[in-house]
Amino acid sequence: MRDRARALLIDLDGVLRRWDPAPMIAVEVKYGLAPAALLETAMSWDIYRPAMAGEITDAEWMGLVASRLPLDEPEAAAAVAEWQAYRGEVDPEALEFVRGVRAAGRKVGLATNATDRLRGDLDALGLTDEVDLVLSSWEMKVHKPAPEYFEQACLTLGEQPKHVLFVDDDDRVIRGARSAKLSASRWTGPEHLPYLRKVLDLPD
């Protein structure tokens, strides 16, 4: 029989924070960029990995993104700045779930691959005080789904991996968490909330 989870680790992007694609599309149309050019450039592994592993700052990462756009330097910098002005929105149902977990006396850690901009984003979104701790890859110098990330996260939570429920929207990261002996569930929307509450032994 599986051990009951005593704490929750929850991802930020794609779970607790959601992104409306419209602002990015508007910037790409304005500057004549190909669809998804900004995101695809930003997610190029050779610049994305060091940005989330604490090797370069968010500003340095965005500078590299701008340098790769097919625009002159001032236009590229302006396009990136306009794209980055939108910082996403809180998913109200995911937030309600987090509040319910904490109200039941369980710790909640925000487990995210992020840059040094994370803390400011959490303040702007009103999420800073909604979790017990923040487990940022930039600060930890290791990113999901590395086993070391989950080891550090569980140590910080003060729980054994088998007593931690991890929720993320990325299959690869979910597999990494399970390999590290955590209970893990992929988030595709609020339809999973009854199951997640059951795993944490919470009332419906």
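Predicted model, so just to flag it, every value in this text is computed and none were measured.

Enquirer: With reference to specific residues and values, describe the overall build of the protein.
Expert: Looking only at helices and strands, the protein features 11 helices and seven strands. The globule rule puts the C-alpha radius of gyration for 204 residues at 17 Å, and the 18 Å found for the protein is close to it. Buried positions account for 51% of the 204 residues belonging to the protein. At a minimum sequence separation of 6, the contacts of the protein that also span at least 24 residues come to 65%. About 10200 Å² of surface is accessible on the protein, with carbon and sulfur atoms providing 53% of the total. Here the protein contributes 25 positively and 35 negatively charged side chains, and the mean placements of these two sets differ by 8 Å.

Enquirer: Which residues make up the packing of helix α3 (residues 45-52) against helix α4 (residues 58-68), and what values do they have?
Expert: With their axes 10 Å apart at the nearest point, α3 and α4 run at an angle of 170° to one another. On the basis of their axis angle, the class for α3 and α4 is roughly antiparallel. Relative to α4, α3 is oriented so that their crossing is left-handed. Facing D46, I47, Y48 and A51 of α3, the residues of α4 in contact are W61, L64, V65 and R68.

Enquirer: Before we move on, could you go through unusual backbone geometry and cite the residues and values that matter?
Expert: Backbone torsion omega between K144 and P145 reads 5°, so that peptide bond is classified as cis. Assignment of secondary structure puts P145 in the loop between α8 (137-140) and α9 (147-157). The phi dihedral of A36 is positive, around 70°, even though this residue is not glycine. Mapped onto the elements of the fold, A36 is located in the loop between α1 (22-31) and α2 (37-42). Judged by its relative accessible area of 24%, A36 is partly exposed. Residues other than glycine seldom take positive phi values, yet K181 does so here, at roughly 80°. Residue position: K181 is located in the loop between α10 (171-179) and β7 (183-186). By relative accessible area, which is 62% here, K181 ends up exposed.

Enquirer: Just give me the short version of the sheet that holds strand β1 (residues 7-10), but keep the residues and values in it.
Expert: Strand order in the open sheet formed by five strands is β5-β4-β1-β6-β7, with parallel pairing between adjacent strands. Only two strands of the sheet have a single partner each, and these edge strands are β5 (133-136) and β7. Across the sheet, the mean angle from the axis of one strand to that of its neighbour is 20°, orientation sign disregarded. Examined bridge by bridge, strand β4 (residues 107-112) and β5 share four bridges and lie parallel to one another. The residue of β5 that forms the bridge with T112 is S136. The sheet contacts of α9 involve β1, β4, β5 and β6 (164-168), and relative to β5 the element is tilted by about 165°. Relative to the sheet, α10 contacts β6 and β7, its axis offset from that of β7 by approximately 170°.

Enquirer: Tell me about the nonpolar core, and name the residues and values.
Expert: The biggest cluster of nonpolar side chains holds 28 residues, and the ones touching the most others in it are L8, I10, L16, F97, L165 and V167. Elements with a minimum of two residues in this core: β1, α6 (92-103), β4, α7 (118-125), β6 and α11 (193-199). A per-element tally of this core places α6 first, with five residues. For I10, the residues in contact, after removing those within four places along its chain, are V15, F97, V98, V108, G109, L110, A111 and V167. If you look at the next biggest cluster of nonpolar residues, it comprises 22 residues, including L33, A66, L71 and A76.

Enquirer: So what's going on with α1? Which residues, and what values?
Expert: Along α1, the residues that are buried comprise M24, V27, E28 and Y31. Down the axis, α1 shows its buried residues gathered within 95° of arc, on one side only. Seen from the buried face of α1, the exposed residues on the opposite side, beyond 90 degrees, are V29 and K30. Looking at the buried residues of α1, the elements they touch are α2 and α5 (73-84). Directly after α1, the chain includes G32, whose backbone phi takes a positive value near 70°.

Parameters and conventions
- Residues numbered from 1 in each chain as written.
- Predicted model: local features only at pLDDT ≥ 70, side-chain atom pairs only at ≥ 80, totals over all residues.
- Heavy atoms only, no water.
- Helix = DSSP H or I, 4+ residues; strand = E, 2+ residues; numbered from the N terminus.
- Rg over C-alpha atoms; globule rule 2.2 N^0.38 Å.
- Buried < 20%, exposed > 50% of the residue type's maximum accessible area, 1.4 Å probe, protein only.
- Contact = heavy atoms within 4.5 Å.
- Areas by Shrake-Rupley, 256 points an atom, 1.4 Å probe, with all protein chains shown as cover.
- Lys, Arg positive; Asp, Glu negative; His and termini not counted.
- Charge placed at Lys NZ, Arg CZ, Asp CG, Glu CD.
- Axes fitted to C-alpha atoms, helices over the stretch in contact; angles between N-to-C directions.
- Parallel < 35°, antiparallel > 145°, perpendicular 65-115°, else oblique.
- Left-handed = near helix turned anticlockwise from the far one by under 90°.
- Pairing = 2+ DSSP bridges.
- Core = buried A, V, L, I, M, F, W, Y, C linked by side-chain atoms within 4.5 Å.
- Arc of directions from axis to C-beta.

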